[in-house]
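Now for the letters of each chain:
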Amino acid sequence: MPAVTPENPLTLPRVTAPGDVAPRPVLAVATAPSGLEGEGFPVRRAFAGIDYRHLDPFIMMDQMGEVEYAPGEPKGTPWHPHRGFETVTYLIDGTFVHQDSHGGGGTINGGDTQWMTAGSGLLHIEAPPESLVVSGGLFHGLQLWVNLPRKDKMIPPKYQDIGGGNVKLLASSDGGAVLRLIAGELDGHRGPGITHTPITMIHASVGPGAELTLPWRPDFNALVYGLAGRGTAGAEGRPFRTGQAVVLGPGESLTVRADATQESRSPNLEVVLLGGAPIREPMMQYGPFVMNTRAELAQAFEDFQAGRLGTVPAGAA
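Keep in mind that what you see is a predicted model, and the values were worked out from it rather than measured. (Residues numbered from 1 in each chain as written. Predicted model: local features only at pLDDT ≥ 70, side-chain atom pairs only at ≥ 80, totals over all residues. Heavy atoms only, no water.)

Chemist: How should I be thinking about the overall build of the protein chain in this particular structure?
Modeler: For the protein chain, the helix and strand inventory stands at three helices and 26 strands. Principal axes of the C-alpha set define a box for the protein chain whose edges measure 55 × 45 × 30 Å. Put simply, the protein chain has 317 residues, and 53% of those count as buried. Restricting to contacts in the protein chain with at least 6 residues of sequence separation, those with at least 24 account for 74%. For the protein chain, the accessible surface area stands at approximately 12,800 Å², while carbon and sulfur atoms represent 53% of it. (Helix = DSSP H or I, 4+ residues; strand = E, 2+ residues; numbered from the N terminus. Buried < 20%, exposed > 50% of the residue type's maximum accessible area, 1.4 Å probe, protein only. Contact = heavy atoms within 4.5 Å. Areas by Shrake-Rupley, 256 points an atom, 1.4 Å probe, with all protein chains shown as cover.)

Chemist: Hey, could you run me through the environment of P157 in this one?
Modeler: Tracing the sequence through the fold places P157 in the loop between strand 11 (137–147) and strand 12 (158–162). Taking the C-alpha atoms as reference points, P157 and V146, eleven residues apart in sequence, are found 14 Å from one another.

Chemist: Can you help me understand helix 3 (residues 294–305) in this one?
Modeler: Over its twelve residues, helix 3 extends 17 Å from the first C-alpha to the last, a length consistent with the 16 Å expected when each residue adds 1.5 Å. What helix 3 keeps buried is the set L297, A300 and D303. Seen end-on, helix 3 carries its buried residues on one side only, within an arc spanning 125°. Residues of helix 3 that are exposed and point over 90 degrees away from its buried face: R294, A295 and Q305. Close packing links the buried residues of helix 3 with strand 25 (284–286) and strand 26 (289–291). Immediately downstream of helix 3, the backbone of G307 shows phi near 80°, a positive value. (Expected span 1.5 Å × (residues − 1). Arc of directions from axis to C-beta.)

Chemist: In this structure, what is going on with the sheet that holds strand 1 (residues 26–31)? I would like to understand it.
Modeler: Backbone hydrogen bonds are what pair the strands of a sheet, in a parallel or an antiparallel way. With respect to topology, seven strands assemble into an open sheet ordered 1-22-19-24-17-14-13, the strand pairing being antiparallel. Strands with a single pairing partner mark the edges of an open sheet, and in this sheet they are strand 1 and strand 13 (168–171). Along the sheet, successive strands turn relative to each other by an average axial angle of 20°, direction set aside. Across four bridges, the pairing between strand 19 (residues 222–228) and strand 22 (residues 244–248) is antiparallel. What sits directly across from Y225, in strand 22, is A245. (Pairing = 2+ DSSP bridges. Axes fitted to C-alpha atoms, helices over the stretch in contact; angles between N-to-C directions.)

Chemist: Got a minute to help me understand the pattern of salt bridges in this structure?
Modeler: Where charged atoms from two side chains of opposite charge come close, those side chains can pair. Within the structure shown, the criterion is met by ten salt bridges. E211 is the partner of R257 in a salt bridge, and the nearest nitrogen-oxygen pair spans 2.7 Å. One end of the pair, R257, is in strand 23 (residues 253–258); the other, E211, is in strand 18 (residues 211–215), with 46 residues separating them in the sequence. Judged by its relative accessible area of 38%, E211 falls in the partly exposed class. For R308, the salt bridge identified is with D303, shortest N-O distance 2.6 Å. Linked by salt bridges that have partners in common, E66, E263 and R265 make up one network. (Salt bridge = Lys/Arg side-chain N within 4 Å of Asp/Glu carboxyl O.)

Chemist: What exactly am I supposed to notice about the nonpolar core here?
Modeler: Counting 29 residues, the largest nonpolar core has F47, F58, M61, L144, M201 and L274 as its most contacted members. Among the elements of the structure, strand 4 (58–69), strand 6 (85–93), strand 11, strand 14 (177–183), strand 17 (199–206), strand 19, strand 22 and strand 24 (269–276) are those that each provide at least two residues to this core. In this structure, L144 is in contact with F47, F58, M60, M61, E86, T87, V88, M201 and L274, ignoring residues within four places of it in sequence. Of all hydrophobic cores here, the second largest spans 28 residues; its members include A177, L186, A204 and A210. (Core = buried A, V, L, I, M, F, W, Y, C linked by side-chain atoms within 4.5 Å.)

The structure is reproduced here in structure tokens:
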């Protein structure tokens, strides 16, 4: 799980450990069910079973893989629509090629993040490059859906392509954890992702036996998802592991600790830390459409069927 990792974490800027502030307690730990997405690639539904009031402004998150494909096995998604929210695709290992009905597209490599604001709507496809299909190889990533407030749901679609080299690299106060700040602000440091809804997104690698305690905005919610390894969360030390999401309650700091012994395939506890300002508006989802009312969902589906979200480019079908 390389993502973007510095040669010497001790040279990174340090995040100051918070002082005497209220720690966030653990409210729940949920285990992500496994399934298949798109043309059949394996995913874990990270937030399945968690009440939306704890997720807002996040809608869902899929952990894609981690899977070692044999030659001929890599798979992607067929053309599909989106409207009313943002997709954040963070690739840890492997390569994805994407294209949309508005002429956008590009390649996402390990460590890169593609931030797509679907807004008023588009058609989109994600697929492994031909070279990966031929050779096979390791594939692992995340796709996070972030809601848009009512006033922004019909804005024009756009992209942010965040190369791995642009991610803000930080270290914990004692150097025991590497933090990749993808979006938001942490202890005066800012990630490159520009968001309509205020959020913080961090991929942290916590060394065996190390403790990571970070300041966390009290007006944000807080979620921890285990990408690999074993550890505990919260001041009370609630155990969690790969494929489990931790919901934290109110407070001004969050704590994650890595077990002293980790899995052989992953030397560190790898976690995604998420927080955001709740939108607190009605949220209605139907497949790839996220709106405020059932009538808006029906309109989105009608617009898709009528081709108003775009058409598949010639030669791409």
